[in-house]
Structures are given as structure tokens and as C-alpha cells.
Amino acid sequence: MSEPKPRPMLVIGAGIAGITAALEAAEAGREVVLVEREASVGGRVLRTHHYFPKLCPPSCGMEINTRRLERNPRITVLTATTVAGANRTTGGWSVTLNHAPAYVNSRCTACGECQAVCPAKVADPFNLGMCQVPAIRLPHPNAWPKRFVLDRSACPADCRACVDACRYGAIDLAATPTTSTLEVSAIVVATGWQPYPLDKLPELGGGVLSDVISNVQMERLAAASGPTGGKILRPSDGKAPTRVAFVQCAGSRDVNHLPYCSGVCCLASLKQAMYVKEQLPEAEVTIYYIDRRTPGRNEDFLLKAAGMAGVRLVKGKVGKVVQGENSQLALTVEDAEAGQLLHDRADLVVLATGMMPNLATIPLPLELCRDTDAFVLDDSKGRIFAAGVARRPEDVAATVRDATGAAAKALAAGRGV
Ligand SMILES: Cc1cc2nc3c(=O)[nH]c(=O)nc-3n(C[C@H](O)[C@H](O)[C@H](O)COP(=O)(O)OP(=O)(O)OC[C@H]3O[C@@H](n4cnc5c(N)ncnc54)[C@H](O)[C@@H]3O)c2cc1C
Ligand code: SF4
Ligand code: SF4
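This report concerns the structure included in the present document. (Residues numbered from 1 in each chain as written. Chains lettered and ligands numbered in written order. Predicted model: local features only at pLDDT ≥ 70, side-chain atom pairs only at ≥ 80, totals over all residues.)

In this section: the overall build of the protein chain. Secondary structure assignment for the protein chain yields eight helices and 23 strands. In summary, the protein chain has a C-alpha radius of gyration of 23 Å against a globular reference of 22 Å for 417 residues, a match within 12%. Counting only C-alpha atoms, the protein chain reaches 80 × 55 × 35 Å along its principal axes. Each of the 417 residues in the protein chain was classed as buried or not, and the buried ones make up 46%. For the protein chain, the proportion of contacts with a sequence separation of at least 24, taken over those separated by at least 6, is 68%. (Helix = DSSP H or I, 4+ residues; strand = E, 2+ residues; numbered from the N terminus. Rg over C-alpha atoms; globule rule 2.2 N^0.38 Å. Buried ≥ 20, exposed ≤ 12 C-beta atoms within 10 Å, placed from the backbone. Contact = placed C-beta atoms within 7 Å.)

So, about the site of ligand 2. Taken together, 14 residues sit near ligand 2, with C108, C111, E113, C114 and C166 positioned nearest. Tallied by class, residues from the shell around ligand 2 come to eleven nonpolar, two polar and one charged. (Near = placed C-beta within 6 Å. Nonpolar A, V, L, I, M, F, W, Y, C, P; charged D, E, K, R; others polar.)

Before going further, it helps to examine the site of ligand 1. Around ligand 1 there are 39 residues in total, and G13, G15, G43, G192 and G388 lie nearest to it. Contributing elements (two or more residues each) for the shell around ligand 1: helix 1 (16-27), helix 5 (215-222), helix 6 (265-279) and helix 8 (396-413). Across the shell around ligand 1, the residue classes tally to 19 nonpolar, twelve polar and eight charged.

One open sheet accounts for seven strands, arranged 13-19-14-15-16-17-18; its pairing is mixed. The open sheet terminates on both sides in strands that have one partner only, identified here as strand 13 (212-214) and strand 18 (340-346). With direction set aside, neighbouring strand axes in the sheet form an average angle of 40 degrees. Contacting strand 14 (243-250), strand 15 (284-289), strand 16 (311-323) and strand 19 (348-353), helix 6 runs over the sheet at an angle of about 170 degrees to strand 14. (Pairing = 2+ DSSP bridges. Axes fitted to C-alpha atoms, helices over the stretch in contact; angles between N-to-C directions.)

We now examine the environment of E31. Here E31 is to be found in the loop between helix 1 and strand 2 (32-35). Separated by 23 residues in the primary sequence, E31 and P8 place their C-alpha atoms 4.6 Å from one another. In this view, E31 contacts P6, P8 and R74; residues no more than four positions away in its chain are not counted.

Here we take up the nonpolar core. With 121 residues, the main nonpolar core has A21 and V188 as its most contacted residues. Per-element tally for this core: the top contributor is helix 6, with nine residues. Here this core spans two domains, since at least three of its residues come from each of domain 1 (9-100 + 177-193 + 356-413) and domain 2 (197-353). Ignoring anything within four residues of it in the chain, the contact list for V188 reads M9, V11, G18, A21, F385, A387, A406, A407 and A410. (Core = buried A, V, L, I, M, F, W, Y, C linked by C-beta atoms within 7 Å. Domains from an automatic or database assignment.)

Let us now look at the environment of L46. If you trace the backbone, L46 turns up in the loop between strand 2 and helix 2 (58-71). As for L46 and C60, which are separated by 14 residues in sequence, their C-alpha atoms are 9.9 Å apart. Once residues lying within four places of it in the same chain are set aside, the contact partners of L46 are P58, M62, H140 and N142.

Time to look at unusual backbone geometry. Cis geometry is found at the peptide bond from F52 to P53, where omega equals 5 degrees. With respect to the secondary-structure elements, P53 resides in the loop between strand 2 and helix 2. The amide bond that connects W144 to the next residue, P145, takes the cis arrangement and shows omega of 0 degrees. Considering the arrangement of structural elements, one finds P145 in the loop between strand 8 (136-137) and strand 9 (149-150). Despite not being glycine, R253 shows a phi value in the positive range, around 50 degrees. Residue position: R253 is located in the loop between strand 14 and helix 6.

We now examine the packing of helix 1 against helix 8. Each pair of packed helices gets described by two things: the angle between the helix axes and the distance between those axes. At a closest axis distance of 8 Å, the pairing of helix 1 and helix 8 adopts a crossing angle of 45 degrees. The angle between helix 1 and helix 8 falls in the class oblique. Once helix 1 is placed against helix 8, the crossing between them reads as right-handed. Note on element contacts: helix 8 touches helix 1 through V396, T399, V400, D402, A403, T404, A406, A407, A410 and L411, opposite I16, A17, T20, A21, E24 and A25. (Parallel < 35°, antiparallel > 145°, perpendicular 65-115°, else oblique. Left-handed = near helix turned anticlockwise from the far one by under 90°.)

Right, let's get into the sheet that holds strand 11 (residues 187-189). Strand pairing in a sheet takes place through backbone hydrogen bonds and is either antiparallel or parallel in direction. Pairing in this open sheet of five strands is parallel, and the strands run 3-2-1-11-23 from one edge to the other. At either margin of the open sheet sits one strand with a lone partner, and together these are strand 3 (75-78) and strand 23 (384-386). Between one strand axis and the next, the sheet turns through 20 degrees on average, direction left out of account. Pairing between strand 1 (residues 9-12) and strand 11: three bridges, direction parallel. When the sheet's bridge partners are listed, I12 is paired in strand 11 with V189.

With 15 residues, helix 6 extends 21 Å between its outermost C-alpha atoms, agreeing within 8% with the 21 Å of an ideal straight helix rising 1.5 Å per residue. Of all 15 residues making up helix 6, twelve are buried, and the element is well covered by its neighbours. Buried within helix 6 we find C265, C266, L267, A268, S269, L270, K271, Q272, A273, M274, Y275 and V276. Its buried side turned inward, helix 6 meets helix 5, strand 14, strand 15, helix 7 (299-306), strand 16 and strand 19. (Expected span 1.5 Å × (residues − 1).)

Distances and angles like these do not, on their own, reveal function.
Written as C-alpha cells, this is what we have:
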């Protein structure tokens, strides 16, 4: 009698953590189903301009990963898919998946004819709403699968311009959501993070002053595929800033906001100080920090940024940012070394906001063990393992190590199933 086929492993979330866990498990011989709620894979890393420590564009590493996904017959990638429910079974889990309507199907060649005739515009989710894009579009230049998406809620009644323009019959405006079920051996939760909301920091000008932006917005401003074509410009008047202030721990290590350190924001601001200096060599950059947290080899990165002419690191907590004179912003800082209040001004303020687990606001219909900050804990009895920032705040290198470990644990738990 032939052995029953082992059940696949389910990986939820196709950021760098989920992609790594899926590849590692599949390359070890297990079938894997990788589900992603967005229309394409890659998660938040693809929204960075460059990523430390090597400062390469994130598309480089991601292209290698998507090629590995494409070539691995053991991996099924389901985009625009979420988990609707899950029940424990003797061999693992029975999972129900929701698939969003496929308004654009796999016949799409990404030719762009539909976009050229589309009359509707929406705020671009990839660029954090900082610009408008057509309702039908490629989600971003590195999208995989390379297929257009359609924001149906923005379409005027009776418009069919894109359908008429598409020579490949790739658009179905009447598509509906579907569901499917899956028996899986174990689950890796790799649902990642979202930025702490800027508007929860009004005392620092967050959500109130247009020239106070978040670190994730700064990544998009510096990126060629961003809202300004890669130019670092003030949102209020489109001018290049001459004084830029970074405010570290904005809403982090604070019981009123996120009580923990996200571990990457110091490095992200040092990296962004380099973006500013490379593009605007005359600009003066000040980084206000409580502690400089650049562990291990990342210390080299700190020394490089701190050694740049026109970059100052000041140990002090910014308490207030308000509109100042001459269209500048006025900062009040508790200078930790001098023990006094200091006042500064800047054209652009970047709040280094932390990473909050997605599961803090969008729960999964799964019995999960979580800590008080909504980070997921491993549950070997339940055969659920966490990877990446769903588990704890960390950078890409740590996420990759972590996801490899999660895949190994899920493989071991699902052995014989
Ligand atoms: C400003 C800033 C700059 C940074 N720069 C760097 C850098 O230069 N170098 C570096 O190493 N690190 C950097 N980081 C950290 C880096 O972004 C994270 O380490 C990385 O995103 C972690 O990947 P992840 O896969 O865990 O999460 P994510 O990238 O968030 O991916 C999670 C995926 O899961 C999907 N998902 C969520 N919920 C569901 C669901 N219910 N069902 C299906 N899919 C779901 C999401 O759509 C997403 O695709 C930076 C962080 C910040 C805040
Ligand atoms: S949906 Fe059709 S027209 Fe639009 S990019 Fe795809 S193939 Fe081209
Ligand atoms: S139906 Fe919607 S997506 Fe298609 S062209 Fe009209 S507005 Fe654009």
C-alpha cells in the first residue's frame, strides 16, 4: 500500500519572513502553501529605498527569492488571499481561505493599455497614500506576480474602458470572492508589521504638520518609484530641505505608545541621514536620540554616518514640534548631556516610529499564543510557529535567520503527518 501524501505546511504572509520559511521548508522536501493578502509578495522590505547594512536596493534580494519561488514545484503561492478560519484536526489544521475577486487574471501581460484609458484615481497604497495612481495599475515596479490590480471601489458606474482596451481578455469586472479549504500539517505565521501611526504623536507634529513625516514615508521620498521620483522634498511646498531633524524613539519605549524598542529605527535614521547627505550635500542633519542602538556589526554603520560632515548626533529627547517662523518647524529638546532644554529649527522632521505587529490590529482567526504587545509566540503543541516581525521586531538579516528556524520547527512538528 502506498504511503499517504504528507500534508503541506501553511505559511501566512509573504514578506521576507514568509518567503524564507516557505523556501526553506520546500527545499527540505515539504509541500508548502504560501498565502499573501496583497496582490504581490515581498512585504514591507520592498518599500525601502535601500536596505542596510549593504545599502542595496531591496529588489536585488527579492528577485532572487521570487525566482526561487517560481522554480520550486513544491510551493504554491496564493496572493490576494487571507485565512478565514482554522480548525484543529488530528493531523494538524483544516484551514478555510478567502480569495479576493480576481478582477485581473493570470492572462495579464502587464502591457499597461488599461491604465492608459482608466479615468479613476486612487491614493497609492504602495506609496503610503502620498500620491495618486490609476484604479488599474501594476502595484509597484517590482511586483511579483507581475500582474495588474484593480481597485473596483473607485470605478465610476458603467465604466468598462479597461475591459475594452485589454487585448488579452484579462479583466473581469464582475469577478467575485471565492473560498477554498486546505488540510495542513503545521502553520508558520509571518504576518509582519505596520508602522506606528503618525497621528498618535500630535505633540511631535505627527498628523498635524505636513513637514513632519515618518521614517517609512522618508523611504518612499528617497525611492525612484516614490511620489517625488526619488527627490527628498518637503510635502508642504515641494522645496528641498536645508535642515533635517530625525526624532528617535518617536512613540517607542514609551508606555503610552509602544513600550518596546523596535531595534531597527536607529539604523534606519542613520541610513536616511545618508540619503539626505548624498542628495543634498549642503543640508544639515541632526539625529536626536535617547540611546544609539546599533548592535553587532551595525556599529560600523553608525560610525560611517556619524562621521559624515553636516551630520550631528545629539543625545536628547524631543518633547515638542510646532510650526515655527519662516515656514520652519520649531523643536523643543531635553538635552540629556547638558541637562537643559534646547531649541532647534528644521525644514523637515522625520519621526522614527516603531514597528507594530499587524496582528495588533488585524487578528487572525486562529488560536494564537501572543505576548502583551501582540507578538506571536511559538506553540509547538498547536503546531503554530512565528517568523519575522510577527514574532519580534528585527531587521532583515535576523528575520531570515528566524524564518529558517521557524521552518525547521514546523517541519519537525509536521513530521509523519
Ligand atoms: C523605516 C524602516 C526602515 C527599515 N529599513 C531596513 C533596512 O534598511 N534593513 C533591514 O534589514 N531592515 C530594515 N527595516 C526592517 C524590515 O522592514 C523588517 O525586518 C522586515 O520588513 C520584516 O519582514 P517580515 O516578513 O517579518 O514582515 P513584512 O515585511 O511586514 O511582511 C509581512 C507580510 O505578511 C502579509 N500579511 C499580513 N497579514 C496577513 C494575513 N492576515 N494574511 C496574509 N498575509 C498577511 C503582509 O501583506 C506582508 O506582505 C526597516 C524598518 C523600518 C521601520
Ligand atoms: S489587464 Fe490587460 S491591458 Fe491591463 S496590463 Fe494586463 S494585459 Fe495589459
Ligand atoms: S472600470 Fe475601473 S479600472 Fe477599468 S477603466 Fe474604468 S475606472 Fe478604470
